[in-house]
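Analysis of the macromolecular model
Here is how the chains run, residue by residue.
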Amino acid sequence: MFQERTAPVYQASATEVTKEEGLMLYEDMVLGRLFEDKCAEMYYRGKMFGFVHLYNGQEAVSTGVIRAMRRDEDYVSSTYRDHVHALSAGVPAREVMAELFGKATGCSKGRGGSMHLFSAEHRLLGGYAFVAEGIPVAMGAAFRSKYCRETMSDENADQVTACFFGDGAANNGQFFECLNMSVLWKLPILYVVENNKWAIGMSHERATSVPEIYKKASAFGMHGVEVDGMDVLAVRAAAKEAIARARAGEGPTLIEALTYRFRGHSLADPDEMRSKEEKEFWHARDPIKRLADHLITYGLASEEELKAIDQRIQGVIDDSLEFATTSPEPDASELYRFIFAEDV
Ligand SMILES: Cc1ncc(C[n+]2csc(CCOP(=O)(O)OP(=O)(O)O)c2C)c(N)n1
Ligand SMILES: [Mg+2]
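On a predicted model such as this, the values are computed, not experimentally measured, just so you know.

**Some points on the overall build of the chain**
- Broken down by element type, the chain carries 11 helices and 7 strands.
- Taken against the 2.2 N^0.38 rule, which gives 20 Å for 344 residues, the C-alpha radius of gyration of the chain at 19 Å falls within 12% of a compact globule.
- If one aligns the C-alpha atoms of the chain with their principal axes, the spans along those axes are about 50 × 50 × 40 Å.
- The buried share of the chain, reckoned over its 344 residues, is 47%.
- Considering only contacts within the chain whose residues lie at least 6 apart along the sequence, 74% involve residues at least 24 apart.

In structure tokens form, the structure reads like this:
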């Protein structure tokens, strides 16, 4: 029989979020969704090159975690599925779109492209093409905060790091090594596994001995939680708890967000491995519709207000496209620039 693993249903209360917070979360998720839809359009029109991995369906995870953090102070590390993490972290849509077009105005100066977004200003530690590659980098950032605070006596160094990666990455050795060291050193880090059930065409159940990834935390004496990754309020609640624990010096948390990508692995994937039944099950749990229902049910927003946000964000996306299209290519004379830090 067709059966899907879902996390316990989170019962958000009427006062869970204020109107302002609710609209902020909604706007952030819509920004992610519409940005990705525009990417798909541009990719199929031949405007973008290389692999492009979209985040549609998983927005509640990025928004729920990153928008509970301190923007431009806390750190975020990502994977090749990084556009929406960058947007939630505050990297302007213009700079992300320009990067995807390989333009000099992109957040990685046009040298990175879709899988290698980076922003020192917005504390985005990077997108990484190798599976699990961002995990030790994120741990290094968390170690830095702890070292500055405890060894260099910088009391303001209470930054938290959020490290995003997929279910497939959770079978990689770096994951286990970093869990071990993070607990040992009580590092201020959130390991956020976006369990979307698939690693390209490999089903998670076929690839791992214990499919409940959050349970792996216990082997290291770490706090591990599973959360409904299609419910931004559930993710936000789990993230807030983990952030408070990290900032208080109580160490790391492993958050397993049960989620789903609405598109194929990348835009080059015909997406033939997943059943229609499965896709329909998860589409019905669309995180944007879910938050919209919450806001309307509790009188925090009207349909018109939400539509106005959709339209405003569409304007942001159109503007980003115009910016990317009209921006210059990197100059050929600068081919070797930015290879070493002193060039920046
Ligand atoms: C070290 C390494 N091995 C293999 C690959 C090829 N590869 C690219 S994406 C991917 C699947 C990863 O799946 P998951 O971690 O679940 O992330 P998702 O794509 O579902 O977000 C694989 C195996 C790679 N990029 N790096
Ligand atoms: Mg996956």
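**What to know about the site of ligand 1**
- Within the structure, ligand 1 sits among 15 residues, and Val131, Gly166, Gly168, Ala169 and Ala199 are positioned closest to it.
- Contributing elements (two or more residues each) for the shell around ligand 1: β2 (161–166) and β4 (198–199).

**Re helix α1 (residues 19–44)**
- The end-to-end C-alpha distance of α1 is 38 Å, a good match for the 38 Å that 26 residues give at a rise of 1.5 Å each.
- At the C-terminal side of α1, Gly46 shows a positive phi close to 80°.

**Observations concerning the UniProt feature "domain: Dehydrogenase E1 component" (unreviewed entry) in the chain**
- Under the local residue numbering, the UniProt record ascribes the feature "domain: Dehydrogenase E1 component" (unreviewed entry) to residues 28–332.
- Secondary structure across residues 28–332 comprises 43% helix and 10% strand; the distance between its end C-alpha atoms is 36 Å.

**A word on the nonpolar core**
- Counting 87 residues, the largest nonpolar core has Val65, Ala162, Cys163, Leu190, Val192, Val235 and Ile255 as its most contacted members.
- Element by element, the count of residues in this core is highest for helix α8 (residues 232–247), at 9 residues.
- In this structure Ile255 touches Leu190, Tyr191, Val192, Val225, Val227, Ala238, Ala239 and Ala242, once residues within four positions along its chain are discounted.

Definitions and cut-offs
Residues numbered from 1 in each chain as written. Chains lettered and ligands numbered in written order. Predicted model: local features only at pLDDT ≥ 70, side-chain atom pairs only at ≥ 80, totals over all residues. Helix = DSSP H or I, 4+ residues; strand = E, 2+ residues; numbered from the N terminus. Rg over C-alpha atoms; globule rule 2.2 N^0.38 Å. Buried ≥ 20, exposed ≤ 12 C-beta atoms within 10 Å, placed from the backbone. Contact = placed C-beta atoms within 7 Å. Near = placed C-beta within 6 Å. Expected span 1.5 Å × (residues − 1). UniProt positions renumbered as here; feature names shortened; annotations may be inferred. Core = buried A, V, L, I, M, F, W, Y, C linked by C-beta atoms within 7 Å.

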